[in-house]
Amino acid sequence: MEKTIRIKRFDPESKNPQAYHQEFKVEVEESSSVLDALITIRESIDESLAVRCSCRGAICGSCGLRVNGQGTLACKTKINSLRGSNGTITVEPMGNMAVVKDLVTDMRPFWEKIRQVTPWLQTTGDAPTAEYLAPPDAMTHLNPVMGCIMCGVCVSDCTALEVDPTFVGPAALAKAYRFVADPRDAATNQRLRDLDEPTGMWDCTRCMVCVEVCPKGVAPMDRIMALRSKGMNSGLTDTYGARHSMGFIEVVRDKGILDEVMLTIKTLGLFNISRFMGLLPVAIRSLLHGKLPKPGPFHKPLPGMHNIRRIVDTTEKMK
Amino acid sequence: MKYAFYPGCVSKGACPELYQSVMAVYPKLGITLEELTEAACTGAGCLQEKDQLLGDTLNARTLAMAEHKGLPIMTICSTCQGVFAQANKRLNDDPDYLAEINKMLAPEGLKYKGTTVVKHFLWVLLEDLEEKAWKDKIVKPLKTLRAAPFYGCYLQRPSEALGFDEHPERQTSLEQVIAATGAEVVDFAGKDRCCGLPILTINEPNSMAMVHKHTTDAKTLGADVMVTPCPLCHLNLDGLQHTAASRHNTTIDMPILHFPQLLGLAMGLDSKSLGLKRNIMSPKAALEKVGVAL
Amino acid sequence: MQHDVLIVGAGLAGMRAAYEANAEGANVALITKVYPVRSHSNAAQGGINAALTDRGDAWEEHAFETVKGSDYLGDQDSITLLSQDAGPEIIALENMGVIFSRNDDGRLGTRRFGGQKKARTFFVSDFTGQAILHVLFEQILKTNIPTYNEWFVTSLVIEDGQCYGVVAMEMETGNVQFIQAKSVIIAAGGLGRVYEPSTNALICTGDGMGLAYQAGAPLMDMEMVQYHPTTLKANGLLISEAVRGEGGHLYNSKGERFMEKYAPNMLELASRDVVSRSEQTEINEGRGINGCVHLDCRHLGEKFIKERLSQVWEEAHTFSNVDMTKEPLPIRPGMHYQMGGVKTDNNGRCWDIGGGGWGGVRGLFAAGEAACVSVHGGNRLGANSLLDTVVYGKRSGLAASAFAKGTPSKDIPSSIISKDDNMIKSLLSRKDNKDSVAAIRLEMGTMMNEHLAVYRDQKGMETALTKIRSLRERWKEVPVRNKGRIFNTTLINAMELGFMLDCAEAIIVGALFRKESRGAHVRLDFPERDDENWLKHILTYQQPGADPKIETLAVRMTQWEPKPRVY
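Nothing here was measured: the structure is a model prediction, and the numbers come from that model.

**Structural notes on the pattern of salt bridges**
All names here are of chain C.
Move 1: Applying the stated criterion to the full structure yields 100 salt bridges over all chains.
Move 2: Its salt-bridge partner being Asp-85, residue Arg-395 comes within 3.4 Å of it at the nearest N-O pair. You can see Arg-395 sitting in helix H11 (residues 385-405) and its partner Asp-85 sitting in helix H3 (residues 76-96), a full 310 residues away along the chain.
Move 3: Between Glu-505 and Arg-469 there is a salt bridge, with its nearest N and O atoms 2.8 Å apart.

Right under this line is the structure:
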């Protein structure tokens, strides 16, 4: 069958280097992947099309790009699985990265961020002469996160990186989790302290884009949530993020539902004058529009509160 | 159709106009709502970062309450919808986990079997109602109004928990409803991105950059309003838009409507009953375009 | 840009060599045409062999089965080193950070692989190669070893028979540079793209073998090309031997478990050459299913499959639309591995220091699939390739750093690049004659898969030789329509094709020369193994302006006399 592939092109060596879209009509098989189509174009229509690719089997991580606006591996995306948009398939380079040529992006910042999380096992003492004894589950739960192939697709579509390139990002945080959760690693606390810093684990917005686009089921955001939990449980409770999460539970235990004012106070700290001053105009505007949420004592708890409180207390005890 | 109604904290708190607009709109659709008054907050994904078991238990409790009544749940918040969907999936995927949680529900006389269906109001319109039942109520098509959709992450991802494979129409539910109101859909890339609210207190500059980016993009594309099914997105895009604009030394003035407000307008309801005066970013100009006074 | 040790290729062999040379205090660098974690070592799914005495296994058993698997063409002293070093190497990898799958008692688990009676294959689910590759990359980051990422090596720099570095092109800019080194290790992997289809990645183009061959080093046993028994029909991708190791069965169109006929003891876990030939015979004799046979593992159960074979399940689902928990998977034999390669001694040296009677290049080393020690001989056992990369990667890293220490630096002018620079300029200035790099590559691959596959004969191979020489003539004129210097993949493909054509020719002349059937090399016109005349290696030397020169070298035997091979 014939398909129209619309590719975002960029040639840095042209007289007027500007990105543009170009359409190619290409004959594909029922079972073809987007990569198959791109290779056909490169081999039989336009040799200048630049795209990285190697294994064709979603294991090397070379062919990360965007198909119809969403990050993916070209080799893993079957053409007949794509929905909508009147049959035309739009292929663009990954986002949140500079473009070198056509579909080839500059991965250097990606690797630099991986490097930032001290991505190697840190043990203490002499190297053991036999294997580390561990129940299978203590190790196999790391299989999904070790499955990360560093394709960059999560970084491409990360919504936090869209506004803040300094964020360490989902791939590096998933990598960090791989060591934090490794029972052999001896640097867990230091790792968590590093991740607790600005641009670290608390800058994730929980938008789940990385979970959705990851071609390998690594679920980076779930790892980030696990890092936050491990951080808080190890006593790292002095960030806005930690106070927000813990304050949330306290408020639910108190009221059953959200008390926005109390949560804000618990997060920012009662005496955080500068931040409250910043929020003052927001509060005034809400007040003027007749919808400032009732604060603390005026915010009534739900009926049947004791049941909610019992559940909060029970799960707390189970830890 | 009758639903166990789960309004969510924000429609009862910082966005009362959402609750108000739903109350104005739903009776016209022939559905009945029975509010779950004892149901706890879903945790919004935030409580779960500290303690997923707690989140899942609280949500299993709410799901069990509806199951006990034999009713599906209707939500009006993308975040509540998403958190319920994820919890429901975990509970259904792992019977041992569900049994463990049911032990904690037992003192209250509750037990969750795993059967409760949870649907956002948007999905109720598209999936449960006869098309006539709601489209015929659109007596005042909002022709000339240009509306940009903004979903909220939890109504778009993860697609597996949200059932997009069985219900592909859910992926474009908001566009479909906007189109049905007669308004023109302004498609823009930011529609499924993060509004920034979850990091408002954690990283305000990033949060404000998101508000700035999305509202400016929508404005650049010629939208008169943005429409959202998520009151949390609304909080940030509407409530913090002035802050975002001043952080970026600009003015944006993009009205943000809750989707039931848009639907209500198309059904001929007045701005007062839809609580439109409570929106921080005034929709006055946009309303004038469709002949409605604020 | 100057180093003691420069390693071409950053897969398992290359990074293991770099790690070791760095630990010896050498100034090491890696150069790769991709990024290290993109290397094809990734694709090794099933595992890595090691016979551990504390589990009732013995290196002798592993060594013997490797010798037998090689059809007695492997050098027995090299195989001994391989099997003896295996245990410590597994622990070394584990200590670096690899998380091998474990048994319920918390110790490392093993699975069975083909050609071996004991379960001695250590594994990480079914992405063992990827897991080890990423851990070695972590060690490269930890030790701050510089890597030239996305640089394509165009030639080795040879002065007075000694290698002093490489000329390479940075793909992002197109700039050609000389990178000097006192020793160079070729660890650039295999040549799968010489064939079409192949399980190999698109980057497996025999560059390392071609570079060494063109520099005067001999290639050895190139006729020994392994066809893997389980590859996907649609795109030739590999389905791991782990599926059979974990209990998967093969069936023909009549529902017969046909391996009972060909290998009554080992069945599906006979060595790869045997299973591939059996499948091909079934297909040729009309008992195939659309050119395939069925790999069935439904009886293993969904939980087991999803846990131990998750990648395979995903792969079959994505690329063949088959749910292996519910249906059998159609598979067929496909080109997979080159047993031959750049001839080395047991320390990775590509020159003869022991008077063994072969010529080579001083200062040049090789390891991994690019090399031929030879531990695989006529047929490699599953899960011995990862072992080969780390054991001989390490040994070559040690030897290369030692060699560098004893080598004075040499003044070489940077004008040394002009030959390669001019070659690239001439490639870019060729006139369009309607031919293309892709077309030549495809013709070569299809032709090789027809005439140099599981079964071979004189006539077919002669046809292949004529064809490959005519393709080389076309290659000399082939246009590169893309004239840019930045990330010009067609330019890279054109140069890769040059290496592949050399490799293909070496395969064909070796195969024509070997007048017997041994391991993966089975000739219908010489169907028997002939130990009297052919228990020897075949070395091919490139001769400027003439046909390759062929020499033979005796197989080094220690304790295992050749016996008939029954599974």
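So, next bit.
**A word on the nonpolar core**
Move 1: Counting 152 residues, the largest nonpolar core has Leu-38 of chain A together with Ile-48 and Phe-100 of chain C as the members making the most contacts within it.
Move 2: With 9 residues, H11 of chain C is the single largest residue contributor to this core.
Move 3: Look past the residues within four positions of Leu-38 of chain A in its chain and what remains in contact with it is Ile-7, Leu-49, Val-51, Leu-65, Ala-74, Val-91 and Leu-103 of chain A.
Move 4: One finds Leu-54, Ala-66, Ile-138 and Leu-142 of chain B within the second-largest nonpolar core, a separate group that totals 121 residues.

**Considerations on the domain arrangement of chain C**
Residue and element names in this part refer to chain C.
Move 1: According to the domain assignment, chain C consists of domain 1 (2-224 + 339-414), domain 2 (229-333) and domain 3 (416-538).
Move 2: In this structure, domain 2 and domain 3 have C-alpha centres spaced 30 Å apart.
Move 3: In this assembly, 6 residues from domain 2 lie in contact with 5 residues from domain 3.
Move 4: Summed over both sides, the interface between domain 2 and domain 3 buries roughly 420 Å², with carbon and sulfur atoms accounting for 65% of that surface.
Move 5: It is Asp-273, Arg-277 and Gln-280 that lose the most area in domain 2 upon contact with domain 3, and together they represent 74% of the buried surface on that side.
Move 6: Linking domain 2 with domain 3 are 0 salt bridges.
Move 7: Viewed at the interface, domain 3 and domain 2 are joined by 2 residue pairs in polar contact (both at pLDDT 80 or more).

**Points about the interface of chain A and chain C**
Move 1: The partner chain C presents 57 residues to the 59 residues of chain A that form the contact.
Move 2: Summed over the three residues of chain A that lose the most area to chain C, namely Glu-47, Arg-56 and Glu-131 of chain A, the buried surface amounts to 16% of that side.
Move 3: Our count for the contact surface shared by chain A and chain C stands at 8 salt bridges.
Move 4: The shortest N-O distance in the salt bridge between Glu-138 of chain C and Lys-175 of chain A comes to 2.6 Å.
Move 5: Remark: the boundary between chain A and chain C carries 35 residue pairs in polar contact (both at pLDDT 80 or more).
Move 6: Listed by contribution, the elements that provide at least two residues to the side of chain A that touches chain C are helix H1 (34-44), strand S6 (99-101), helix H2 (108-116), helix H3 (136-140), helix H4 (143-146) and helix H7 (170-180) of chain A.
Move 7: At 4 residues, the largest contribution of residues to the side of chain A that touches chain C is made by H2 of chain A.

**What about the domain arrangement of chain A?**
Residue and element names in this part refer to chain A.
Move 1: Parsing chain A into structural domains produces domain 1 (2-105), domain 2 (108-233) and domain 3 (240-317).
Move 2: When each unit is reduced to the centre of its C-alpha atoms, the spacing between domain 1 and domain 2 is 29 Å.
Move 3: At the junction of the two partners, domain 1 supplies 16 residues and domain 2 supplies 15 residues.
Move 4: Of the roughly 1100 Å² buried between domain 1 and domain 2, counting both surfaces, carbon and sulfur atoms make up 52%.
Move 5: At the junction of domain 1 with domain 2, the criterion picks out 9 residue pairs in polar contact (both at pLDDT 80 or more).
Move 6: For the side of domain 1 that touches domain 2, the secondary-structure elements that each account for two or more residues are strand S3 (64-67) and strand S4 (70-73).
Move 7: The element contributing the most residues to the side of domain 1 that touches domain 2 is S4, with 4 residues.

**Some details on the pairing of strand S18 (residues 536-543) of chain C**
All names here are of chain C.
Move 1: Here 2 bridges tie strand S10 (residues 219-220) to S18, and the two strands are oriented antiparallel to one another. Counted as the bridge partner of Leu-219 is Thr-540 from S18.
Move 2: Here 7 bridges tie S18 to strand S19 (residues 546-554), and the two strands are oriented antiparallel to one another. Paired with Gln-543 across the bridge in S19 is Ala-546.
Move 3: Between the antiparallel neighbours S18 and S19 lie 2 residues, among them Gly-545 with a positive phi of about 70°.

Calculation notes
One numbering rule holds for all chains: residues counted from 1, following each sequence as written. Going through the entries in the order they are written, you letter the chains from A and number the ligands from 1. Whole-chain, interface and lining totals are the exception, using all residues; otherwise, since this is a predicted model, local features are given only for residues with pLDDT of at least 70 and side-chain atom pairs are given and counted only at 80 or more. Remark: hydrogens and water are excluded; side-chain values derive from all non-hydrogen atoms of the structure. We define a salt bridge as a side-chain nitrogen of Lys or Arg found within 4 Å of a carboxyl oxygen belonging to Asp or Glu. Counting from the N terminus, the helices are the DSSP runs of H or I reaching at least four residues and the strands are the DSSP runs of E reaching at least two. Residue types Ala, Val, Leu, Ile, Met, Phe, Trp, Tyr and Cys, when buried and joined through side-chain atoms within 4.5 Å, form a set referred to as a nonpolar core. Working definition: with a 1.4 Å probe on protein chains only, accessible area under 20% of the residue-type maximum means buried, over 50% means exposed, and in between means partly exposed. Pairs of residues are marked as contacts when any of their non-hydrogen atoms sit within 4.5 Å. The source of the domain bounds is an automatic or database domain assignment. Once two parts are brought into contact, the accessible area they lose, counted with a 1.4 Å probe and summed over both, makes up the buried area. Any pair of nitrogen or oxygen atoms within 3.5 Å is treated as a polar contact; in protein, a donor-acceptor pairing is required on top of that, and neighbouring residues in sequence qualify only through side-chain atoms on both sides. Two strands qualify as a pair provided that DSSP identifies no fewer than 2 bridges between them.

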